[in-house]
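Read off the chains here:
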Amino acid sequence: MKNSVVRIALFSTLVLSLGLLSGCKNEDPSILKIFVRSSSNALLPGAQVVIIGDVDSNPPTLPYVDTLTTNASGFVEANMAEYFTAAGEENSTGYFDVLVSKDSKEGEAYVRCRAHITTVETVFLMN
């Protein structure tokens, strides 16, 4: 009887410990959200957005390139989880050049993106 009580207590302690340890992980997504607007402030669907890691930044950003097209609401959401997984826990910030084009109009931005945070930037395409 005493032996089974000790086993139950040890098992309960183990389950609680594992629950607490898994609860410490940050599960928030790492998202880079880019809105594209015209010079008259209208959202632009169908614009091409290229996200490029700035390898010369301080701290250095890993090489990264992604090309997306804005949705019907005029924005893209880049899931940066893969980038931050490759960068490692000690490198939780990345710097990216954002190049946007639609028809003959172009725009650009420079963005700092952090792990487990949604970063939002707006790029205006000038005439």
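For clarity, every value in this text was computed on a predicted model and none was experimentally measured. (Residues numbered from 1 in each chain as written. Predicted model: local features only at pLDDT ≥ 70, side-chain atom pairs only at ≥ 80, totals over all residues. Heavy atoms only, no water.)

## As for the packing of aromatic side chains
Reasoning step 1: Counted by the stated rule, this structure contains six aromatic pairs.
Reasoning step 2: Connected via pairs of aromatic rings, a cluster forms that spans Y64, Y83, F84 and F96.
Reasoning step 3: The cationic tip of K33 hangs over the ring face of F75; the distance from NZ or CZ to the ring centre is 4.5 Å. (Phe/Tyr/Trp six-rings, centres within 6.5 Å; stacked < 30°, edge-to-face > 60°. Lys NZ or Arg CZ within 6 Å of the ring centre and 35° of its normal.)

## Quick word on the sheet that holds strand 3 (residues 65–69)
Reasoning step 1: An order of 3-2-5-6 is seen for the four strands of this open sheet, with the pairing classed as antiparallel. Each edge of the open sheet is held by one strand with a lone partner, namely strand 3 and strand 6 (105–114). Within the sheet, the average angular offset between the axes of one strand and its neighbour, ignoring direction, is 20 degrees.
Reasoning step 2: Pairing of strand 5 (residues 93–102) with strand 6 involves 10 bridges; the strand directions are antiparallel. Its bridge partner being in strand 6, T93 is matched across the sheet by R114. (Pairing = 2+ DSSP bridges. Helix = DSSP H or I, 4+ residues; strand = E, 2+ residues; numbered from the N terminus. Axes fitted to C-alpha atoms, helices over the stretch in contact; angles between N-to-C directions.)

## Observations regarding the side chain of S38
Reasoning step 1: Looking at the secondary structure, you find S38 in strand 1 (residues 31–38).
Reasoning step 2: Contact partners of S38, with chain neighbours within four places excluded, come to L44, F124 and L125. (Contact = heavy atoms within 4.5 Å.)

## Some words on the sheet that holds strand 1
Reasoning step 1: Spatial ordering of the open sheet is given by 4-1-7, a layout of three strands whose pairing is mixed. Each edge of the sheet is formed by a strand with only one pairing partner; in this case those strands are strand 4 (75–79) and strand 7 (118–125). Strand-to-strand twist across the sheet, computed as the mean angle between neighbouring axes with direction ignored, equals 20 degrees.
Reasoning step 2: Note that strand 1 and strand 4 share five bridges and pair antiparallel. Within the sheet, the bridge partner assigned to I31 lies in strand 4 and is N79.

## Brief notes about the pattern of salt bridges
Where side chains of opposite charge bring their charged atoms close, a pairing between them can arise.
Reasoning step 1: Per the counting criterion, the structure on display carries one salt bridge.
Reasoning step 2: In this structure, E77 and K33 form a salt bridge, with 3.7 Å as the shortest nitrogen-oxygen distance. Pair noted here: E77 is in strand 4 and K33 is in strand 1, with a separation of 44 residues, a long-range link.
Reasoning step 3: Relative accessible area serves as the criterion here: at 19%, K33 is assigned to the buried category. (Salt bridge = Lys/Arg side-chain N within 4 Å of Asp/Glu carboxyl O. Buried < 20%, exposed > 50% of the residue type's maximum accessible area, 1.4 Å probe, protein only.)

## Observations regarding the nonpolar core
Reasoning step 1: Ranked by internal contacts, the top residues of the largest apolar core, which has 23 residues, are L32, I34, V36, V49, M80, V98 and V100.
Reasoning step 2: Going through the elements one at a time, strand 1, strand 2 (48–53), strand 4, helix 2 (81–87), strand 5, strand 6 and strand 7 are the ones with two or more residues in this core.
Reasoning step 3: Setting aside its immediate chain neighbours within four residues, I34 contacts V49, G74, F75, V76, V98, E121 and V123. (Core = buried A, V, L, I, M, F, W, Y, C linked by side-chain atoms within 4.5 Å.)

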